[in-house]
Every structure is written in C-alpha cells, then in structure tokens.
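# Descriptive analysis of the structure
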Amino acid sequence: MGDVLAGIHSTWEFDTDSVIIRYERGIRTPKLFHVLRERRIPYSALSRVEVSEGSRRGTVALRAVPRPGADPLLDAADGQLKESCDPYRLLLPVGKQTLAEYYATELSSMLGTDAGQPAASHLVAPPEAPLQFKAYDGKAMFDGKSVVFRWFWTGASSAKWKAGDQRFAIGELAGVEWRSPDALGGHLRLLRRGADAPDEQPGEPDQDPATVVFGLGYGLVHESLPLAAAVLAAVRDAEPAPVLETAAAAGAGRPASARPGRADPADIADRIRHLGELHEAGLLTDGEFSAKKADLLAEL
C-alpha cells in the first residue's frame, strides 16, 4: 500500500506485508508509547480491523485487533491495559472517519484465511533487551538471557533478604505473571519450571523471591510491561516446537519439559528425525532447523 496515516500519538505506515506503527514522544502521549517507539505488525498477526467512536470528543478510532498469541506484549498484559495505552489503536479527528473506514477495508483485505485463529507462535517482535525497571522492593533487569532481581533494603521483605539477590536463566522459566501497577497488588512474578510440589508453589508476592512487587510510583506500566513481554517471548522461543513437544508427550505420557534428568537418546533421535521432516516440508527455515536441532542435542 505504501500510504501513511498520521493520527493522535502515532502514525501508521502501510507496507506490503505489515503496518509500521511509529509512536510520538509528546507530553500527552502515553509513556508506554515512548518506550515502544516503533513496532512492525505483520498483517498475518491481525484478526480484524475496526472503526469506532474515539474516547475523546470529536475523534474516531481505527483499531487493528491482533490474533490471540501473536504479540508477547498483549500476552503479558493479559487484558489489563487501559484503552488509552492500546498500542493497536490509532486516534484520528472525526473529520477523518471516511479515511479511517477506507483503511480499515484495505487492511481487512490483507488478512489471511487464518485471521480468526489463535497464532501458534509470536508473530510480533518483542521489546529489545536490555531492559530494566525499579519496583517497590527491588530492581528487575533482563539482558536477553537471564532475569536479575536486586532487592532494596527499604522495601524488600526479610524472606527476600534471606534468599538474596536472584538470577533466573531463561531455561529455568515457564512464563511470567504480570499484574498491572495500576491495580492493587501489582507485581511481576517469574513462573519457574517444575514447580509442581506444594512447597515449590509461589507464595505471596512480597515473600516470593521470584517476584518483584509494584508500589505507588514504582514498576510503572511503561517500564515493567515491556520487560515482562521480552521475558515471555524469550521463554517461548526457548521451548521446543509445539508439534515436537506434543509428540514427545504422547510417547512419554507427560510434557517433555517435565522429564527429569537427561533426555533419552532414542527420543532425541526421533525428535530430530521429525524435525528434519518438517524442514524438508518447508515448515522450518534452515536457521530454525539448525537452532532447534542444537537445542535437542544439548539435552543429551
């Protein structure tokens, strides 16, 4: 399409396979947009496009609705973002309603046949590491490979001080739990793999060394959500391809990630063989095949 549509707080540029959203850094622009700066949203990541009345008087909103599971930022947010902080919403003067409807029609025509289905993997790139933010009881940092929590003596509980500063490699994590700082009890919790026993279940956020607690003026949305999204994306990228995990689970009677100790060499060989079949079928690129094969060999 190649067109550019400028709105309030952001500008959309329509490329051949994606829409590039550039966010302004004005005083009235949501601070989350300051951090996001620019995002490329593939049309394949969208489920529908709609036009509605804007939240401000005299405005209209053009909104692209992403497919569930396509964007790690929205996965981490889990529906907790305020409308004003919606990164997929372009606010326009009401005089541009006809233009908004035109682009909504054009965008809709670019969507694929699977637009109504959840995405099997993240299709939108996560915020880039390194990222960090200050919470009430500690500082959280993510360098792309591991998450570090460093406790503040002014806010951390005695349980966290006793546990000491924490470092979690991505391979140790199963996901993240983000509760908005705008709500009571806001926190960022790292969900660890294999925490199935009762004594391994996470406790209250202020007592759990795998959790930083937000407070008034700390862990703001624009600082904490991008980090949560980047960690979530890294965790998902480190997981085996879903089809391989399902096959392994069928053979072993439980998820591959739950098997203790070293993996069975025969099982690894079968999974690599299946990986080769996916590669030959064109479902995996050369790079994806090599990376996933290396991950499987590392389990031996």
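Anything mentioned here points back to the structure above.
In what follows, the accompanying structure is described. What you see is a predicted model; the values in this text were computed from it and never measured.

## Description of the environment of Thr154
- Along the chain, the position of Thr154 falls in the loop between β10 (146-151) and α4 (158-163).
- Between the alpha carbons of Thr154 and Gly138 there is a distance of 9.1 Å; along the sequence they are 16 residues apart.

## Things to note about the pairing of β10
- Counting buried residues in β10 gives five out of six residues, a clear majority hidden from the surface.
- Bridge count for strand β9 (residues 138-142) against β10 is five bridges, and the pairing is antiparallel. Bridge assignment links Gly138 to a residue of β10, and that residue is Trp151.

## Brief notes about the sheet that holds strand β4 (residues 38-42)
- As summarised here, the arrangement of the four strands in space is β1-β2-β3-β4, forming an open sheet in which the pairing is antiparallel. Each edge of the sheet is formed by a strand with only one pairing partner; in this case those strands are β1 (4-6) and β4. Pairwise comparison of adjacent strand axes, ignoring direction, gives a mean angle of 20° for this sheet.
- Relative to strand β3 (residues 18-23), strand β2 (residues 10-14) is paired through five bridges, and the arrangement is antiparallel. Note that in β3 the partner of Glu13 across the bridge is Ile20.

## As for the pairing of strand β6 (residues 59-66)
- Across the eight residues of β6, seven count as buried, placing the element largely inside the fold.
- Summarising the sheet, strand β5 (residues 46-53) and β6 pair through seven bridges and their orientation is antiparallel. When the sheet's bridge partners are listed, Glu53 is paired in β6 with Val60.
- Direction of pairing for β6 relative to strand β7 (residues 89-93): antiparallel, over a ladder of five bridges. Its bridge partner being in β7, Leu62 is matched across the sheet by Leu90.

## Structural notes on the nonpolar core
- Trp12, Leu62, Leu188, Leu190 and Val231 are the most contacted members of the largest nonpolar core, which has 62 residues in total.
- By residue number, the principal contributor to this core is helix α5 (residues 221-238), which donates 10 residues.
- Discounting chain neighbours no more than four positions away, the residues touching Trp12 are Asp3, Val4, Leu5, Val19, Ile20, Ile21, Leu62, Ala64, Tyr88, Arg89, Leu90 and Leu107.

Thresholds applied
Positions within a chain are numbered from 1, following the residues in the order the chain's sequence is written. Only residues with pLDDT of at least 70 are given local features in this predicted model, and only at 80 or more are side-chain atom pairs given and counted; all residues enter the totals for whole chains, interfaces and linings. Side-chain figures throughout are based on the complete set of non-hydrogen atoms in the structure, without hydrogens or water. A helix here means a DSSP run of H or I that spans at least four residues, while a strand means a run of E at least two residues long, and both kinds are numbered starting from the N terminus. Exposure classes here rest on a 1.4 Å probe applied to the protein chains alone. A residue is buried below 20% of its type maximum, exposed above 50%, and partly exposed in between. When DSSP finds at least two bridges between two strands, those strands are taken to pair. Throughout, an axis means a line fitted to C-alpha atoms (over the contacting stretch in the case of helices), and angles, computed between N-to-C directions, take values from 0 to 180 degrees. For our purposes a nonpolar core is just a set of buried Ala, Val, Leu, Ile, Met, Phe, Trp, Tyr and Cys residues, chained together by side-chain atoms within 4.5 Å. Only heavy atoms matter for contacts: two residues are in contact if any of them lie within 4.5 Å across the pair.

Nothing here speaks to function; it is geometry throughout.
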